[in-house]
Amino acid sequence: KSLAIVGCPFSGGQPRPGVDQGPIHLIQAGLPSQLEELGWKVQFDGHHQFEDIAKFITSDPDIGKLKNPRVVSKVCEAVAKSVGSHAKQGVLPVTLGGDHSLAMGTISGTLEQYPDACVVWIDAHADINTAETTDTGNIHGMPVSFLLGLGQPIPEFAWIKPQLKPNKIVYIGLRDVDAGEKKILRENGIKAFSMHEVDKHGIGKVVELALDHVNPKRDLPIHLSFDVDALDPTVAPSTGTPVRGGLTFREGHYICEAIYETGCLVALDIMEVNPSLAKEEEVRQTVAVGCSLARSALGETLL
Ligand code: DIR
Ligand code: MN
Ligand code: MN
Ligand code: MN
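This report concerns the structure included in the present document.

Reading guide: rules and limits
Residues numbered from 1 in each chain as written. Chains lettered and ligands numbered in written order. Predicted model: local features only at pLDDT ≥ 70, side-chain atom pairs only at ≥ 80, totals over all residues. Heavy atoms only, no water. Helix = DSSP H or I, 4+ residues; strand = E, 2+ residues; numbered from the N terminus. Rg over C-alpha atoms; globule rule 2.2 N^0.38 Å. Buried < 20%, exposed > 50% of the residue type's maximum accessible area, 1.4 Å probe, protein only. Contact = heavy atoms within 4.5 Å. Areas by Shrake-Rupley, 256 points an atom, 1.4 Å probe, with all protein chains shown as cover. Lys, Arg positive; Asp, Glu negative; His and termini not counted. Charge placed at Lys NZ, Arg CZ, Asp CG, Glu CD. Pairing = 2+ DSSP bridges. Axes fitted to C-alpha atoms, helices over the stretch in contact; angles between N-to-C directions. Right-handed = clockwise from strand over helix to strand, strands pointing away. Expected span 1.5 Å × (residues − 1). Donors = N, O, S within 2.8 Å, 3.2 Å for Na, K, Ca; no water. Near = heavy atom within 4 Å. Polar contact = N/O pair within 3.5 Å; in protein donor to acceptor, adjacent residues only side chain to side chain. Nonpolar A, V, L, I, M, F, W, Y, C, P; charged D, E, K, R; others polar. Salt bridge = Lys/Arg side-chain N within 4 Å of Asp/Glu carboxyl O.

Along its length, the chain carries 11 helices and 8 strands. Taken against the 2.2 N^0.38 rule, which gives 19 Å for 303 residues, the C-alpha radius of gyration of the chain at 17 Å falls within 12% of a compact globule. For the chain, the spread of C-alpha atoms along the three principal axes comes to 55 × 40 × 40 Å. Buried residues in the chain amount to 58% of all 303 residues. When contacts within the chain are restricted to residue pairs at least 6 apart in sequence, long-range pairs at least 24 apart make up 75% of them. Per element, the accessible surface of the chain, about 12,300 Å² overall, is 52% carbon and sulfur. The averaged location of the 38 negative side-chain charges in the chain is 4 Å from the averaged location of its 27 positive side-chain charges.

Laid out in structure tokens, this is it:
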């Protein structure tokens, strides 16, 4: 079994500097050797050099409300190629963000190789605003809508094939969803387990119900996209948009362990670790939890 770490030092999908340093910290914390210890052959050939892309885009004015649209689009297109080519070679891509706009790239790459894949999206946010509904214009709040092909088409993002179907994505951990996003979720019948459902049923049941929805026979490839802000800010404090009332340490890891146990995982994203937003010890804690989520999703067990 072989995996490739796709380091994505990118912050253009949101305004807070520092999230581009997330992947560097995760690597420096020893993630590659930790995954090797789990029995994986680990490829890591350095972080992506997105500066080369940004250099060619000398000016990137807003498109409607969207901020940095051309840079975000080009970076995600490059990530899609990288993830897609690893997947094609039977190597499991582990993408380290960077902000969550990158998931336009990672999931596009996964679907290129596995058209029947389902997506499990762990987040405090639904990241499903369209160019019409977004309040902030931050594209990290929008990747799911691009993947689904919602909203008015934007020529700069035309490379994205809207191949994801609304019944192929499920959310866990939501608690900060914009009014326009709630409407989109409802109108498209998209299944979401908010923190309310986690409280009500417990995480074991929620993961089972979530997988029953997107992967009833547990035979489809799974792309797990994990935004660390799904975790409670006491667990992952150093992230751009923390929201109280989140997943506990164990709930977050349980999700990863349960998905590993299906044997269906084909791609993993660890997103939104921002090492510049908290005190040293909280940064260390957040980076460590990013590493341990990845280990749990890739086979680490407690016994
Ligand atoms: C908000 C926040 N819904 C937005 N989204 C965040 O900007 O669209 N996503 N923080 O991760
Ligand atoms: Mn590579
Ligand atoms: Mn997110
Ligand atoms: Mn989030």
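Still more ground to cover, so stick around.
Pairing is parallel in the open sheet, where 8 strands are placed in the order 2-1-3-8-7-4-5-6. Strands at the two margins of the open sheet, each flanked by one partner only, are strand 2 (41-43) and strand 6 (191-194). With direction set aside, neighbouring strand axes in the sheet form an average angle of 15 degrees. Across 4 bridges, strand 5 (residues 169-174) lies against strand 6 in parallel orientation. Its bridge partner being in strand 6, Ile172 is matched across the sheet by Phe193. Sitting on the sheet, helix 5 (residues 103-113) touches strand 3 (92-97), strand 4 (118-122), strand 7 (222-227) and strand 8 (265-271), and the angle it makes with strand 8 is about 175 degrees.

A few words on the pairing of strand 5. With 6 of 6 residues buried, strand 5 lies mostly within the body of the structure. Summarising the sheet, strand 4 and strand 5 pair through 4 bridges and their orientation is parallel. The residue bridging Trp121 from the neighbouring strand is Tyr171, located in strand 5. Between the parallel elements strand 4 and strand 5, the chain passes through helix 6 (residues 143-148) in a crossover that is right-handed. Regarding the hand of the β-α-β motif, the stretch spanning strand 5, helix 7 (residues 179-187) and strand 6 is right-handed.

Moving on, we come to helix 10 (residues 249-262). Compared with the 20 Å implied by 1.5 Å per residue over 14 residues, the 21 Å span of helix 10 between its first and last C-alpha is a close match. Considered for burial, the residues of helix 10 that qualify are Glu251, Gly252, His253, Ile255, Cys256, Glu257, Ala258 and Ile259. Where helix 10 ends, the next residue or the one after it, Gly263, has phi of about 75 degrees, a positive value.

A word on the coordination of the manganese ion (ligand 3). Between any two of four tetrahedral donors, the ideal angle at the metal is 109.5 degrees; between two of six octahedral donors, it is 90 or 180 degrees. Coordination of the manganese ion (ligand 3) by the protein is provided by His100 (ND1), Asp123 (OD), Asp127 (OD) and Asp227 (OD), with metal-donor distances spanning 2.1 to 2.3 Å. Counting the intervening residues between successive donors of the manganese ion (ligand 3) yields the motif H-x22-D-x3-D-x99-D. A spacing of 3.2 Å is found between the manganese ion (ligand 3) and the manganese ion (ligand 4), which share Asp123 as a donor. Taken together, the residues His100 in the loop between strand 3 and helix 5 and Asp227 in strand 7 connect sequence positions 127 residues apart.

Neighbouring ligand 1 are the residues His125, Asp127, Asn129, Thr136, His140, Gly141, Asp178, Glu181, Asp227 and Thr241. The separation between a nitrogen atom of ligand 1 and a polar side-chain atom of Thr241 is 3.0 Å. Look at ligand 1: alone it shows 310 Å² of surface, and the protein chains cover 93% of it. For the shell around ligand 1, a count of residues per class yields no nonpolar, 6 polar and 4 charged.

Turning next to the coordination of the manganese ion (ligand 4). All of the protein donors around the manganese ion (ligand 4) are Asp123 (OD), His125 (ND1), Asp227 (OD), Asp229 (OD) and Asp229 (OD); their distances to the metal are 2.1 to 2.5 Å. Each donor residue of the manganese ion (ligand 4) lies on the same chain, and together they follow the pattern D-x1-H-x101-D-x1-D.

Within the element layout of this structure, Ala117 appears in the loop between helix 5 and strand 4. What makes Ala117 buried here is its relative accessible area of 2%. Discounting residues that sit within four places of it in the chain, Ala117 has contacts with Thr110, Leu111, Lys168 and Pro221.

Turning our attention to the pattern of salt bridges. Under the counting rule described, the total for this entry stands at 10 salt bridges. Between Arg250 and Glu257 there is a salt bridge whose closest N-O contact spans 2.8 Å. For Glu257, a relative accessible area of 14% puts it in the buried group.

Right, let's talk about the side chain of Asp229 for a bit. With respect to the helices and strands, Asp229 occurs in the loop between strand 7 and helix 10. The buried charged residue Asp229 lacks any salt bridge, with Arg175 as its nearest oppositely charged partner at 5.5 Å. At 3.2 Å, the side chain of Asp229 and the side chain of Thr241 are in polar contact. With residues near it in sequence (within four places) discarded, Asp229 still touches Asp123, Ala124, His125, Arg175, Thr239 and Thr241.

Relative to the helices and strands, Ser108 resides in helix 5. Considered as a pair, Ser108 and Asp123 are 15 residues apart in the sequence and their alpha carbons are 19 Å apart. The contacts of Ser108, once residues within four sequence positions are left out, are Ala80, Ala103, Leu147, Trp159, Ile160 and Gln163.

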